[in-house]
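An overview of the molecular structure
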Amino acid sequence: MGDVVEAARAVREVSAGDFDDPVWGLARAAHITRYWSGEEAPAGRRAEARLLWDAGGLVARFDCTQAEPLVVSKAPRLDVKTIGLWERDVCEVFVTPEADPAARYFEFEVAPTGEWLDLALAFRDGERETDWDFRSGMTAAARVREGSLTLGMRVPWAALPHEPRAGERWRCNLFRCVGREPERGYLAWRPTHTPEPSFHVPQKFGWLVFKEE
């Protein structure tokens, strides 16, 4: 499973929907194969995430196996963020340049409809605070095929505390929510091991390393 995911350097800008760009061959996959509890998820719910970075932003691509009906909105809106997106099928990136303890981090989500969500979060006195009005300028894309789906997002550096340098290490975690209750699956690259499903556990984040060209 490991605790490090590498973001490969792209020499040109890569958009959220550039799923077939050969530059993705530089990015190693982070395997999302376990539920938040650490239990193995069935093969039909697993995913791989790959990350790139370029001069303008961070790009993530999720390649998911889809062995069950999608849980998506019947009337998606793509022009504004979708609050509550986490209640349907979605892939998520939590990221922060802060080391332990990470008091502030950012949440980015993309759904099979192309819907998206961006939030800034902070822990103060043990309580989580959410900035619902955070505007990152992120873009999102989705491609749905029989038995699989590919989701992408791009987040500009201007939305984050600073642009990374090659070799820099940030904290991050990668997630997938899939299916309906009571069999809904909450998958995590780095399981959080909470009593109930929860992704908001910064102390369980892994490391994101920004690789050289």
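Look up a bit, the structure's there.
Computed from a predicted model, the values in this text were never measured in an experiment.

Scanning the chain from N- to C-terminus turns up zero helices and 14 strands. The N-to-C order of helical and strand elements in the chain reads β-β-β-β-β-β-β-β-β-β-β-β-β-β. Against the 2.2 N^0.38 benchmark of 17 Å for 213 residues, the chain shows a C-alpha radius of gyration of 16 Å, consistent with a compact globule. With the principal axes as the frame, the chain shows a C-alpha extent of 45 × 40 × 35 Å. Counting across all 213 residues of the chain, residues that qualify as buried make up 53%. Of the roughly 10,100 Å² of accessible surface on the chain, 48% is carried by carbon and sulfur atoms. Across the chain, the centroid of the 28 positively charged side chains sits 2 Å from that of the 35 negatively charged ones.

Bringing the pattern of salt bridges into the picture now. Scanning all chains against the criterion turns up 17 salt bridges. Of the charged contacts, one joins Asp21 and Arg12 as a salt bridge, the two residues approaching to 2.7 Å between their closest N and O atoms. Accessibility expressed as a relative area gives 15% for Asp21, which makes it buried. The partner of Glu40 in a salt bridge is Arg46, and the shortest N-O contact between them spans 3.1 Å. The class of Glu40 is partly exposed, set by a relative accessible area of 39%. Judged by its relative accessible area of 29%, Arg46 is partly exposed. Within the structure, one salt-bridge network assembled from shared partners comprises Glu48, Arg50, Arg61 and Asp63.

Attention now goes to the state of the cysteines. Summed over the entire model, instances satisfying the criterion amount to zero disulfides. With no disulfide partner, Cys172 has as its closest neighbouring cysteine sulfur the one in Cys91, 14 Å distant. The exposure class of Cys172 is buried, given its relative accessible area of 1%. Between Cys177, a cysteine without a disulfide, and Cys91, which holds the nearest cysteine sulfur, the sulfur-to-sulfur distance is 8.3 Å. Judged by relative accessible area, Cys177 falls into the buried class, the value being 2%.

Criteria and cut-off values
Residues numbered from 1 in each chain as written. Predicted model: local features only at pLDDT ≥ 70, side-chain atom pairs only at ≥ 80, totals over all residues. Heavy atoms only, no water. Helix = DSSP H or I, 4+ residues; strand = E, 2+ residues; numbered from the N terminus. Rg over C-alpha atoms; globule rule 2.2 N^0.38 Å. Buried < 20%, exposed > 50% of the residue type's maximum accessible area, 1.4 Å probe, protein only. Areas by Shrake-Rupley, 256 points an atom, 1.4 Å probe, with all protein chains shown as cover. Lys, Arg positive; Asp, Glu negative; His and termini not counted. Charge placed at Lys NZ, Arg CZ, Asp CG, Glu CD. Salt bridge = Lys/Arg side-chain N within 4 Å of Asp/Glu carboxyl O. Disulfide = S-S within 2.5 Å.

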